Amino acid sequence: NEEIRLPRYVDSLERLRYDNLHHILVDNNSKDNSVAFLRKNRPSIIIFESKTNLGLDAGYNLAIRKALEFEPDYILVSVVDVVLDPDCLTHQVEKMESDPKIGIVGPILFHDNDPDIVQSYGFRVDSRSVSAEPLYAGRVEQHELPDCIEADYVDGGTTLIRRSVIEQLGGMD
């Protein structure tokens, strides 16, 4: 239910311990009161209202084009069904800063109703079957998870992307 998820998501954005943020949200023709809620409770968020559902990637591209106007080093794209840890963005940026070859960093995503279950933490792509297999999924002790892994694919629902990568790709496909 968007009416429940959106306030939790926006609150998690507000709690991010990272300076110099611009929050840009694309409303993909929602039928609830999401935009009214945001305009009333979070007036600092830049909102684009689409008259049609553009789909995930086209919505991301609209937000990315606006974000590029601020000349950021990185752009975080995410969907509203996540709750971000306050230090999530700081850790992602630190990882990016540690190696200029890193273009995309995705966080560990845990199930909301059971934080001991990993929903997503990187995937390997099998080139023969063109399928993505999770590197970590299911019940995992958090202390057993490596701090960082190299993956062929990360969940596009919450991803930090280096601006130069976005510019090379021309956006999301």
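## Quick notes on the overall build of the protein chain
Per the secondary structure count, the protein chain includes five helices and 10 strands. Relative to its length of 173 residues, the protein chain is compact, with a C-alpha radius of gyration of 16 Å against a globular reference of 16 Å. When the backbone C-alpha atoms are referred to their principal axes, the protein chain occupies close to 40 × 40 × 35 Å. Here the protein chain holds 173 residues, and the buried ones make up 34% of them. Restricting the contact set of the protein chain to residue pairs at least 6 apart, pairs at least 24 apart contribute 58%. Looking at the protein chain as shown, the accessible area adds up to about 10800 Å², and 47% of this sits on carbon and sulfur atoms. Computing the positive centroid from 18 side-chain charges and the negative centroid from 31, the protein chain places the two 5 Å apart.

## Some thoughts on the pairing of strand S1 (residues 24-27)
Because side chains alternate across S1, one face comprises the buried residues Leu25 and Asp27, and the other comprises Ile24 and Val26, none of which is buried. Bridge analysis of S1 against strand S2 (residues 46-49) gives four bridges, and the strand direction is parallel. Residue pairing for S2: Asp27 is matched across the bridge by Glu49. In this region the chain leaves S1, passes through helix H2 (residues 34-41) and returns to the parallel neighbour S2; the handedness of that crossover is right-handed.

## Details of the pairing of strand S8 (residues 131-134)
Sheet analysis places strand S7 (residues 123-126) next to S8, joined by four bridges and oriented antiparallel. Residue Asp126 lies in a different strand from S8, and its bridge partner there is Ser131.

## Notes on the sheet that holds strand S4 (residues 104-105)
One key point about sheets: their strands pair by backbone hydrogen bonds, in either a parallel or an antiparallel sense. Sheet architecture is open: three strands sit in the order S3-S10-S4, paired in antiparallel fashion. The open sheet has two free edges, formed respectively by strand S3 (74-78) and S4, since each of these has just one partner strand. By the bridge criterion, two bridges tie S4 to strand S10 (residues 158-162) in an arrangement that is antiparallel. Bridged to Ile104 within S10 is Ile161.

About the cut-offs
- Residues numbered from 1 in each chain as written.
- Predicted model: local features only at pLDDT ≥ 70, side-chain atom pairs only at ≥ 80, totals over all residues.
- Heavy atoms only, no water.
- Helix = DSSP H or I, 4+ residues; strand = E, 2+ residues; numbered from the N terminus.
- Rg over C-alpha atoms; globule rule 2.2 N^0.38 Å.
- Buried < 20%, exposed > 50% of the residue type's maximum accessible area, 1.4 Å probe, protein only.
- Contact = heavy atoms within 4.5 Å.
- Areas by Shrake-Rupley, 256 points an atom, 1.4 Å probe, with all protein chains shown as cover.
- Lys, Arg positive; Asp, Glu negative; His and termini not counted.
- Charge placed at Lys NZ, Arg CZ, Asp CG, Glu CD.
- Pairing = 2+ DSSP bridges.
- Right-handed = clockwise from strand over helix to strand, strands pointing away.

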